[in-house]
Amino acid sequence: MSSPSEQGSRGARPLVDSFGRIIRKVRISVTERCNFRCVYCMPVAPEWFERERVLRYEEIARVVRILASMGVSKVKLTGGEPLMRRDVERLISMMAGIPGVDTISMTTNGFFLEEKARALRGAGLQAVTVSLPSLDAARFRAITGVDALDRVLRGIDAAISAGLSPVKVNSTIVRGLNEDEAPRLAEFAREKGIFVRFIEFMPFDGKGSWRMDRVVSWREIYESLRGKFDLVPLPRERGSTSMNYAFRGSAGGVGFIASITSPFCEDCERIRLTADGRIVPCMFSPKEFDLRSALRGGAPDEEIERLIREAVAAKDGGVKYMIRSGNLPAVIRPMYTLGG
Ligand code: SAM
Ligand code: SF4
């Protein structure tokens with residue numbers, strides 16, 4: 001039996017920001033550490049948090065329980081590399097038992113997926129997204145710093161065999177790095193019967209190499225696919241980050257996460273919890289709210305709930321408004337500390 005403080009205040013008011021957007025999803029970074037060094041994500045010399053600063057599973061589960069009581073039903077685990085965190089299955093099974101949590105998914109680089117897929121599924125993970133920036137072994141290595149393309153491909157197959165669903169592939173596309181990969185990746189998705197989603201390069205590379213002219217727009221990628229694939233537009237789900245197209249006549253399809261050239265900030269339903277316990281209401285804004293001090297200072301659930309509401313009330317309109325107002329900060333935080 002859980003104690004009243006572990007249960008959270010069930011049935012609380014929904015989480016609504018000052019633009020009227022209802023928050024239903026949380027992305028939780030379980031660690032900022034990673035075994036890869038993707039050029040678009042990691043600075044040359046990443047700095048890891050002191051271990052003591054990283055939230056324990058019990059602390060994360062408590063936050064999720066309180067969020068769930070306010071209507072947050074979808075949890076995505078990310079990182080750094082979430083499968084680098086020891087025994088992450090334990091966290092997944094803790095979250096799977098929380099009333100109100102209906103989807104638990106993960107974004108991973110796929111390196112440990114082959115050995116972990118079954119256990120993750122058994123613990124209650126439903127869906128997985130595997131990042132795959134290239135299907136060429138040498139280029140994969142040049143982008144990620146690790147010679148692991150085959151291993152990641154086996155991880156994708158293991159996820160499908162384990163019954164994780166949906167299994168998706170995400171590919172961050174950067175000009176001069178991999179902008180010619182899209183047709184090959186789309187063909188791969190069609191063969192596997194899954195979705196591949198192309199992500200526009202965002203200014204979170206941690207080394208200041210982001211420039212607008214390195215962003216390959218979703219339009220450009222779409223045009224490179226149009227003649228080769230019969231793509232059927234799908235209705236966009238509320239709060240979805242991507243515009244999706246199905247392959248006519250076969251399973252799977254392609255999606256575009258156009259965070260720079262066509263972001264969907266109007267119906268964003270997401271907040272983020274960093275590995276060291278900060279709530280980040282919008283990844284394009286420097287605002288963040290420290291939950292860890294409250295969690296460790298003996299704050300009751302009502303206080304944690306109040307802090308979360310404060311963070312959500314401060315959520316910015318989104319990148320669109322920042323670009324329009326000329327307020328887009330050059331580098332806010334590197335992606336590995338944010339969770340993508
Ligand atoms: N390590 C896991 C992985 O790679 O899937 C989870 C964390 S990673 C930060 C999440 C996603 O962010 C990955 O798909 C990665 O390609 C993407 N990403 C990282 N840096 C990015 C950037 N600067 N712009 C766009 N996407 C980025
Ligand atoms: Fe690691 Fe994912 Fe960042 Fe690559 S994108 S360095 S795999 S956290």
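Now for a description of the structure that goes with this document. What you are looking at is a predicted structure, and each value in this text was computed from that prediction instead of being measured. (Residues numbered from 1 in each chain as written. Chains lettered and ligands numbered in written order. Predicted model: local features only at pLDDT ≥ 70, side-chain atom pairs only at ≥ 80, totals over all residues. Heavy atoms only, no water.)

Moving on, we get to the overall build of the protein. Each helix and strand in the protein was counted, giving 11 helices and 12 strands. Expected size for 340 residues packed as a compact globule is a radius of gyration near 20 Å; at 19 Å, the protein falls within 12% of this value. Here the C-alpha coordinates of the protein stretch approximately 55 × 45 × 40 Å along the principal axes. Residues counted as buried form 57% of the 340 residues belonging to the protein. Counting only contacts in the protein whose residues sit at least 6 apart along the sequence, the fraction spanning at least 24 positions is 74%. Between the centroid of the 52 positive side chains of the protein and the centroid of its 42 negative side chains there is a distance of 2 Å. (Helix = DSSP H or I, 4+ residues; strand = E, 2+ residues; numbered from the N terminus. Rg over C-alpha atoms; globule rule 2.2 N^0.38 Å. Buried < 20%, exposed > 50% of the residue type's maximum accessible area, 1.4 Å probe, protein only. Contact = heavy atoms within 4.5 Å. Lys, Arg positive; Asp, Glu negative; His and termini not counted. Charge placed at Lys NZ, Arg CZ, Asp CG, Glu CD.)

Around ligand 1, the structure places 19 residues, and the nearest of them are Tyr40, Gly80, Ser131, Thr172 and Met202. Contact distances for ligand 1 include 2.5 Å between an oxygen atom and a side-chain N or O atom of Ser131. Coverage of ligand 1 by the protein amounts to 95% of the 550 Å² it exposes when considered alone. Mapped by element, the contributors of at least two residues to the shell around ligand 1 are strand S2 (74-79), strand S3 (103-108), strand S5 (167-173) and strand S6 (195-200). Across the shell around ligand 1, the residue classes break down as six nonpolar, 11 polar and two charged. (Near = heavy atom within 4 Å. Polar contact = N/O pair within 3.5 Å; in protein donor to acceptor, adjacent residues only side chain to side chain. Areas by Shrake-Rupley, 256 points an atom, 1.4 Å probe, with all protein chains shown as cover. Nonpolar A, V, L, I, M, F, W, Y, C, P; charged D, E, K, R; others polar.)

Attention shifts here to the site of ligand 2. Looking at ligand 2, the residues that line it are Cys34, Phe36, Cys38, Cys41, Met42, Gly80 and Asn109. Split by residue class, the shell around ligand 2 holds five nonpolar, two polar and no charged.

Spatially, the 12 strands line up as an open sheet ordered S7-S8-S9-S6-S5-S4-S3-S2-S1-S10-S11-S12, and their pairing is mixed. Strands with a single pairing partner mark the edges of an open sheet, and in this sheet they are strand S7 (231-233) and strand S12 (289-290). Taken together, the six bridges between strand S1 (residues 25-31) and S2 define a ladder with parallel strand orientation. The partner of Lys25 across the bridge, within S2, is Lys74. (Pairing = 2+ DSSP bridges.)

Let's shift gears to the nonpolar core. Within the largest apolar cluster, 110 residues are counted, with the highest numbers of intra-cluster contacts made by Leu77, Leu132, Phe198, Leu225, Val254, Phe256 and Ile308. It is helix H2 (residues 57-69) that provides the largest number of residues to this core, a total of seven residues. In contact with Val254, other than residues within four places in its own chain, are Ala186, Phe195, Val196, Phe198, Leu225, Leu231, Met243, Asn244, Tyr245 and Phe247. (Core = buried A, V, L, I, M, F, W, Y, C linked by side-chain atoms within 4.5 Å.)

With that out of the way, let us pick up the layout of surface pockets. The volume enclosed by the second largest pocket comes to roughly 350 Å³. Residue lining of the second largest pocket: 14 residues in total, with Thr31, Arg51, Val54, Arg85 and Arg86 positioned closest to the centre. For the lining of the second largest pocket, a count of residues per class yields five nonpolar, one polar and eight charged. (1 Å grid on protein atoms, 1.4 Å probe; cavity = no way out; pocket = protein on both sides within 12 Å on 5 of 7 lines; lining within 4 Å. Points joined across faces, edges and corners; volume = space filled by probe spheres on them.)

A few words on the packing of aromatic side chains. Inspection of every chain in the model, using the stated rule, returns 12 aromatic pairs. Between Phe36 and Phe140, the aromatic rings sit 6.1 Å apart at their centres with planes inclined by 90°, giving edge-to-face as the arrangement. Of this pair, Phe36 sits in the loop between S1 and H2 while Phe140 is found in helix H5 (residues 137-144), placing the two residues 104 residues apart along the sequence. The exposure classification of Phe36 matches that of Phe140, with both residues buried. Sitting above the plane of the Phe247 ring, Arg190 keeps its charged end 5.8 Å from the centroid. When the ring centre of Phe264 is taken as reference, the NZ or CZ atom of Arg236 above it lies at 3.5 Å. (Phe/Tyr/Trp six-rings, centres within 6.5 Å; stacked < 30°, edge-to-face > 60°. Lys NZ or Arg CZ within 6 Å of the ring centre and 35° of its normal.)

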